[in-house]
Amino acid sequence: MELILKDGKKIEVENGKNGHDVALSIAESLAKNSIAYKLNDKLYDLYRPISGDGAFELITKESPEAFHILNHSAAHLMAEAISLLFKGAKFGVGPAIEDGFYYDVDLNGYVLKEEDLKKIESKMKELSKKNEYIIREDVSKEKALELFKDDEYKEELIKELDPNEEISVYKQGSYLDLCLGPHVPSTSFVKFFKLDTIAGAYWRGDSKNKQLTRIYGIACFSKEELERREQLKEEAKKRDHRKIGKELGLFMMSEYGPGFPFFLPNGLMLRRQIENWWYKIHDEYNYKLIKTPIILSKELWLTSGHWDHYKENMYTTKIDERDFAIKPMNCPGAILVYNSELHSYHDLPLRLGELGLVHRHEASGALNGLFRVRCFTQDDAHIFCTREQLKGEIETLLGLYDKIYSVFGLDYSIVLSTKPEKDYIGDDEIWAESEAILADACKASGHDFKINPGDGAFYGPKLDFKLKDCMGRIWQCGTIQLDMNLPERFDCTYINSKGEKERPIMLHRAILGSFERFIGIITEHFAGAFPIWCAPVQIKVLPVNSQVHGKFANELVSKLKENGFRVEIDDSEEKLGYRLRNSVIKKIPYILVIGDKEVETGNVTYRKYGTEKQINVSLDDFIKMIKEEIDSKALLVDPKNLKL
RNA sequence: GCCGACUUAGCUUAGUUGGCAGAGCAACUCAUUCGUAAUGAGUAGGUCGUAGGUUCGACUCCUAUAGUCGGCACCA
């Protein structure tokens, strides 16, 4: 049989071993819009039909799609192994995911152990060696219900399918699964894999349902690829902000305050640099900066609607017999500031910025280092403007976001979330108009964006900013949200040019999101090797012999401090190599070694983090260089090329 | 909150069927005074997360509880 590829190339299917099955499988694939494959020495080249006329294109094994198909088949292989090892096991769903696959299984109350994963893996290897063909079959709904009558989960899924459509099932050996496909042609494709974690997961993702046992794994086309992915995980572990935070003395947690982080001297120094810079930029962008109280009365939260909609997540208290709540958001405070005086259209846009400390009672199981905490500081702002000013405001904001993210070398993408299907407030017309304004502002400032239909908040559409760190992980940090709710509830107004009261447009926006989380993200992004402008300690001075060079070294420290640098000296009576190592481990940007040579000439010898070169320059040149590096907010090292 | 795992010195950790809790790093002391990733010797440091229980005897087994971690759900 001959396959025609997209580029016109033809491929002959050889009549080798199992030639019949191969032809059968390809014929099926053609008919069912599934995948076909090439039978020769490279068994794992996958093809997909690009039209109904038998043309195929190559999906290289490097492509995400091939990886996806392989992992989906690995999920089936695992399910087959489980069905053989655990009689009566029932199966939920088992899809491929971005970095592997999982299957949700019901083992009748049996608690799966780590050792069981090994057993399942061995069974999978055995089945892989058997090289069972993965055959697709289309059956009627009745037939499908009959086939899966012993599995209530599959049954439930089948019942929801269109009775007039045929239902596809995939079979390999004794194992049969309800599945859309596609799959690799036979089990031997799934050769390099690993099962890594066992977790609980609600059936159909609903916490009202029973929890099934979810087993996660990963499959690759080669041993090397599998090892590479394992290594990436190892690297991520080394960058873990909880580990680095401890090593560098950035922050700590205490069992006396689960989810409430403590900032340690180094962590606070880092944070102060970012805060100072944030304040400075917001002054430049004509924000009015405020600080509003953490505790405010119940009535305020009733007016804002938080008491009714968000009460479970709010910390409440009583003061002098009156109910209060600790703010979970800064908006009402900012609105009180806005409403504290009468505004004219000349005042707008009014940008009220606040580094606001909020508390939210997050579920205990949601807590995660600095990524998910119960108290955090949002880099918040509430912008009050007229309808006409909206587009310009958004464009300015997009420029501001660019400026801030680029300092950290973080790429980002924008997602526009639009009107929910139901339970939203505001006129459809205003929704449409503001969605268009958000989209236009992105386009006008040259930003691509994706649309997430129906994912807007009930009170307005929003732009979300997804940051990508050096390991390719995505973090949602920034957001710009239009709010049609609170200005109404709090009766915010301004006097327009005709002397009439008018309702301003209100935007919520945060760039970093929360300081805590953002510091967690950049700690992992930089693996603790922060750019010199925000590094807790910028320079470490090491006298070769503290008795001989200590005095000179201390004078040098004073001079550097006078220049505003964050400097420490290590004049302990240890060998230079030992003290040098300690400074490198702490990821201090510059190490100055002071010995006879330096004392004589007055020059300094520095070693920059990430290099081993010793560079001798005059003190003035060194100071000038560091100042430039701080002012330009240069990265210390390429975060991707760090030796960890 | 739910499922599961984990919790041993400041940190990283060993501890085999229940029988005196062991190490490396850090700290401290002494010697060493040294030019780019760990000088050597010694000292001290533990109610084995917490509270109960079983047992002649519990770090080890059981129950409860707290915290952490991996997921799920949540993130108006």
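On a predicted model such as this, the values are computed, not experimentally measured, just so you know.

**Q** Can you lay out the sheet that holds strand 10 (residues 167-172) for me, pointing to particular residues and giving the numbers?
**A** Strand order in the open sheet formed by three strands is 9-10-11, and the pairing between neighbours is antiparallel. In this open sheet, the two strands that pair with only one neighbour each are strand 9 (135-139) and strand 11 (175-178). Direction aside, the axes of adjacent strands within the sheet are offset by 30° on average. In terms of strand pairing, strand 9 meets strand 10 through five bridges, oriented antiparallel. Across the sheet, residue E137 finds its bridge partner in strand 10, namely V169.

**Q** How would you explain the packing of helix 2 (residues 64-85) against helix 3 (residues 114-130) if you had to name every residue and give the values?
**A** Relative to each other, helix 2 and helix 3 sit at 110°, their axes nearing to 9 Å. When the axes of helix 2 and helix 3 are compared, the pair comes out roughly perpendicular. The handedness of the crossing between helix 2 and helix 3 comes out as right-handed. Judged by residue contacts, L77, M78, E80, A81, I82, L84 and L85 of helix 2 engage K119, I120, K123, M124, L127 and S128 from helix 3.

**Q** How would you explain the pairing of strand 8 (residues 100-106) if you had to name every residue and give the values?
**A** Extensive coverage of strand 8 is indicated by the burial of seven of its seven residues. Side chains G100, Y102, D104 and D106 project from strand 8 onto one buried face, and the interleaved F101, Y103 and V105 project onto a second face that is buried too. One ladder, built from two bridges, connects strand 6 (residues 90-91) with strand 8; its direction is antiparallel. Directly across from K90, in strand 8, lies its bridge partner D106. Sheet analysis places strand 7 (residues 96-97) next to strand 8, joined by two bridges and oriented antiparallel. Looking at the pairing, A96 lines up with F101 of strand 8.

What counts, and at which threshold
Sequence order as written defines the numbering, with residues in each chain counted from 1. Just so you know, chain letters begin at A and ligand numbers begin at 1, following the order they were written in. Since the coordinates come from a predicted model, pLDDT governs what is reported: local features require at least 70, and pairs of side-chain atoms require 80 or more to be given and counted, while whole-chain, interface and lining totals use all residues. Here the rule is simple: two strands pair whenever DSSP picks up at least two bridges between them. Secondary structure elements are defined from DSSP: runs of H or I of at least 4 residues count as helices, runs of E of at least 2 residues count as strands, and each element is numbered from the N terminus. Each axis is a line fitted through C-alpha atoms, and for a helix only the stretch in contact is used; angles between axes span 0 to 180 degrees, taken between their N-to-C directions. An angle counts as roughly parallel when it lies under 35 degrees, as roughly antiparallel when it exceeds 145, as roughly perpendicular when it falls between 65 and 115, and as oblique in every other case. Each crossing gets its hand from how the near helix is turned against the far one by less than a right angle, where anticlockwise is left-handed and clockwise is right-handed. We call two residues in contact when their backbone-placed C-beta atoms lie within 7 Å. Counting other C-beta atoms within 10 Å of its own, a residue is labelled buried from 20 upward, exposed at 12 or fewer, and partly exposed in the gap between, with every C-beta atom placed from the backbone.

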